[in-house]
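# Residue-level structure breakdown
The residues making up each chain are set out below.
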Amino acid sequence: MKKLIVMASALIPATVSNAAYAQAVNYGDLQELFGEPVTTSATGKPQRQSEAPASMVIITGEEVRRSGVRTIPDILQNYAGIDVNRYATGQREVGIRGANMPLNPRLLVMVNGRQTYLDHYGYTDWSLLGIEMSEIQQIEVVKGPNSALFGFNAVAGVVNIITVDPLSTGNSFHGSAQGGTDGTYELSAVGNMKITDKIGMKFSGGVTEANDWKGITADHDPARENFSAELVAQLASNVRADASYTYSKSRQMMQAYQYQLYNFTTTLESLNGSVAADTSLGLIKAQVYKNSVEQQTPGIGSSVSNVVIAKLEDLFKIGARNSVRLGVEYRRDELEFINEPAGQTYYSVYSGSGMWEWQVTDKLVLTNALRLDKLNLGHGPINDPRFPYTQADYDRSMTEYSYNSSLSYTIDDETRVRIGTSRGVQAPALVGFGAATQLPSGNYYAGSPNLNASINEAYEIALDRNVAAINGAFNITGSLTKVSDFLAAGQNVTVNLPTAEYPYVRLTEDVIGDFKAYAIETTLRGRTMNDKLGWAVNYTWTDVKEDFLSPATEAIISLDEGTAAHKLNVKLDYVDGPLSAYVVGRYRSSTEQRLVTGPGYRDLGGNVTVDAKVAYAMDNGISLWVTGENLTANNAAGLSVFKADTRVLMGIGFNF
Amino acid sequence: MKNKVTGFAARAAGLAMLATGFGGVAHAQSTSLDIQVGAKAAAFVEPALTGDVPTAIVFDPANPASKADADAIMAAMGDGLKIKSGTLRPQLVPVGDAASLANVQVAFLAHGVGDGMGPVSAAAAANSVLTISNDMSCVETDRCVVGVQSKPKVLIVVSKSATSASKLQFGAAFLMMVKER
């Protein structure tokens, strides 16, 4: 131990020598400097996309806007290794490297590092992100487990959406209105104000309504509304503070438990505060936020859930070749059903994490990250003697570790190879631990306090090469993901059937078995016509092998048949002065999507979908556009469980 | 202001340099893109450079190649090159006039300065001048603070000892993303 202390003491002067005033991570300036997107989502350290030790997709805000998409999943589906299925109105479900499902619990989604993943049921409602498309700086997607950085549920991957910085943006306003077929309309506004050189504010808000799945959802057309405010202050030359409030509400029909359709009305309010300081001890960041969720779901019950997260991290260099990040985190999660007979289910999580990047040589980089999470489960008083568990049953803890390890070798200025392995942890959703609610039928739901985490182990190898001849790049990545003790919401219906004496049915989350997913992703992209035309072609092969515990589960859940084995995307992105045009075509091989009505499934043949947007921006700040979704009028577009919609929208935007 | 060059020759040299830069030819001279990268890197000095930032372009008048490189840098910068919170205002400084560095905040070092580099580095360090060069041997020998290269991909190398000697500081995020030596 003494030896370690001596070693640590010896390192401190090297760290202090990097003393600096300064800025936190300024994505815009760094991207402009290095000529490529910059990310912190791979390791917590700011890195160029081409040097990140993980498979990543970074989509710029400009491309999001040129594409005309109305939701984040709509643009994610154009990239290799990303599966997007339509199990709901108003939004799509996103999976990474196959095995997508309704209420997908395996993808952690965040906005500026604040999770929007809903812990109570363990899924992401993409209508509750609380952001407008026009305020996106970039979307960062990490493929593969990254629990070692972000904690539980970053197992298939991570999506971190970065919004524009009001202090860097200055005074600006963007407003837009668009509408079209199927009763679709959207209103959106984002305003940035630079109050002083050191204080900036941003307001954003929007409303959307549409008729999805015509004939199915007449009484519950999807809608969303949101409002957010952010205040950024440069407290000192080396200290910056950020405070934000977000309100968002969504209404939609979603496939949920056992692929049954439920109407969800959900409100998410979030308060977030952070401080970043560039000190002699490194780049220190503290963040605290609270997400409060109210959800009404006829047939399941109404619930209130809260999550509070506080984290502190320090990122510093030791010498010229070692970067280190150390972090601690506390999380408190609570769930209570309204009129619940069995009280509140809650847990606290204490976490410690570290990352070490070692530039072994100019060509060889080794990156390791490790995290330990200890979850302490608890429950409020249980007043119903028929409830299958006592309060003491919830007095338990669970400790899990996550890691990421990657070795990158730069062969020459144009080529890099990388191998990596990782372990991610999917925690049970709160409802899986044993929330209960009285249904109109008189039955109750009950989970189990004895659930353990599901473990994801992944291995991947990748080759990246710049191709000067096409002013672009090529990538190929192969991966294997092994998931053990997979937890799925509401998929095990065989544990207890309710009786008058024992009215609890275990119909929430449970272990359903194991599966493996093999994937090969390849992308070729370039620019031509004097840089006016960007193009990209990507292809993904995915094979999911299920090993479920029971044939009943096999009949209900379809991770293998629900995943398209072959996915091909082609994109053209043209900008010439005020004119821009964006066209993307997608091919998906045949899949079988589960339904609880009719025969229990829907066969979707191989299908091609085309989306497009053409826009014209005038000198006076006004722009006009036409957007088409599913222009091939394909019934299976977006791997929709019901007949997919075709939509044409016209819009007008104001930029000042 | 001295030795300000705005002539046709310099602009022509700049255009020629621009062409070779886009062609991906090995760098015998600084390209316009190199200068842009160097200028953007200068924006990460803390505290930030603001307003008009006097900027030297140091060259060896006795070496035609060095003079040509200096002209190319001058042409690339024009009357001034905007960075985040200021504008780099260039002026040519012969290598023998190292004392002039007392009046600048940034110095681009042209190729071919040769033995004059030593006094220039010493003068720059004494005056906390940020020295930048596309000639990577400059930063590799710790005589420049920053070495830049724009092709085939942006490469920024920062000399820790030159930074320390010049009493300069950079933001932590910037240092996380460059190669330090």
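Conventions used here
- Residues numbered from 1 in each chain as written.
- Chains lettered and ligands numbered in written order.
- Predicted model: local features only at pLDDT ≥ 70, side-chain atom pairs only at ≥ 80, totals over all residues.
- Helix = DSSP H or I, 4+ residues; strand = E, 2+ residues; numbered from the N terminus.
- Buried ≥ 20, exposed ≤ 12 C-beta atoms within 10 Å, placed from the backbone.
- Contact = placed C-beta atoms within 7 Å.
- Rg over C-alpha atoms; globule rule 2.2 N^0.38 Å.
- Nonpolar A, V, L, I, M, F, W, Y, C, P; charged D, E, K, R; others polar.
- Pairing = 2+ DSSP bridges.
- Axes fitted to C-alpha atoms, helices over the stretch in contact; angles between N-to-C directions.
- pLDDT = per-residue confidence, 0-100.
- Core = buried A, V, L, I, M, F, W, Y, C linked by C-beta atoms within 7 Å.

### Section: the overall build of chain B
When you go through chain B residue by residue, the secondary structure sums to seven helices and ten strands. Counting over 181 residues, chain B shows a buried share of 59%. Sequence-distant contacts, at least 24 apart, represent 65% of the contacts inside chain B between residues at least 6 apart.

### Looking at the overall build of chain A
The secondary structure content of chain A amounts to seven helices and 35 strands. On C-alpha atoms alone, chain A measures out to a radius of gyration of 24 Å, which is about the 26 Å that the 2.2 N^0.38 rule sets for 656 residues. When its C-alpha atoms are laid out on the principal axes, chain A stretches across 70 × 70 × 50 Å. Across the 656 residues that make up chain A, the buried fraction comes to 53%.

### Examining the interface of chain B and chain A
It is common to give the size of an interface as the accessible area lost on bringing the parts into contact. Contacts between the two partners involve 23 residues from chain B, matched on the other side by 30 residues from chain A. Listed by contribution, the elements that provide at least two residues to the side of chain B that touches chain A are helix H2 (32-42), helix H6 (160-165), strand S9 (169-170) and helix H7 (172-177) of chain B. The element contributing the most residues to the side of chain B that touches chain A is H7 of chain B, with five residues. Residues of the side of chain B that touches chain A, tallied by class, amount to twelve nonpolar, four polar and seven charged.

### Some words on the sheet that holds strand S3 (residues 81-82) of chain B
Within a sheet, each strand pairs with its neighbour through backbone hydrogen bonds, oriented either parallel or antiparallel. All names here are of chain B. The eight strands are arranged S3-S4-S2-S5-S6-S7-S8-S10 in an open sheet whose pairing can be described as mixed. With partners counted over all chains shown, the strands left at the sheet margins are S3 and strand S10 (179-180), one partner each. Relative to the sheet, H2 contacts S3, strand S4 (86-94), strand S5 (106-109), strand S6 (130-133), strand S7 (146-149) and strand S8 (155-158), its axis offset from that of S7 by approximately 140 degrees.

### Focus: the confidence of the model for chain B
Interpreting fine coordinate detail is not advised for predicted regions of low pLDDT. In the predicted model, chain B carries a mean pLDDT of 83, and the fraction of residues at 70 or more is 85%. Below pLDDT 50 for its whole length, residues 1-27 of chain B participates in 40 contacts with residues either more than four positions away or in separate chains.

### As for the nonpolar core
Counting residues in hydrophobic clusters, the biggest one holds 178 residues, and the most contacted among them are Ala42, Ile57, Val58, Ile73, Ala107 and Val146 of chain B. Of all the elements, helix H3 (residues 64-77) of chain B adds the most residues to this core, at eight residues. The contact partners of Val146 of chain B, leaving out residues within four places of it in the chain, are Gly38, Ala41, Leu130, Ile132, Val139, Ile156 and Val158 of chain B. With six residues, the next largest nonpolar core counts Leu604, Ala636, Ala637 and Ala644 of chain A among its residues.

### What about the sheet that holds strand S7 (residues 114-115) of chain A?
All names here are of chain A. Taken in spatial order, the five strands of this open sheet run S3-S8-S9-S6-S7, and their pairing is mixed. Across the chains shown, the open sheet's two edge strands, defined by having one partner strand only, are strand S3 (55-60) and S7. Across six bridges, S3 lies against strand S8 (residues 136-143) in antiparallel orientation. In the strand pairing of S8, Ser55 is matched with Lys143.

### Quick word on the pairing of strand S5 (residues 93-96) of chain A
Residue and element names in this part refer to chain A. Neither face of S5 is exposed, since Glu93 and Gly95 on one face and Val94 and Ile96 on the opposite face are all buried. Note that strand S4 (residues 82-85) and S5 share four bridges and pair antiparallel. Its bridge partner being in S5, Val84 is matched across the sheet by Val94.

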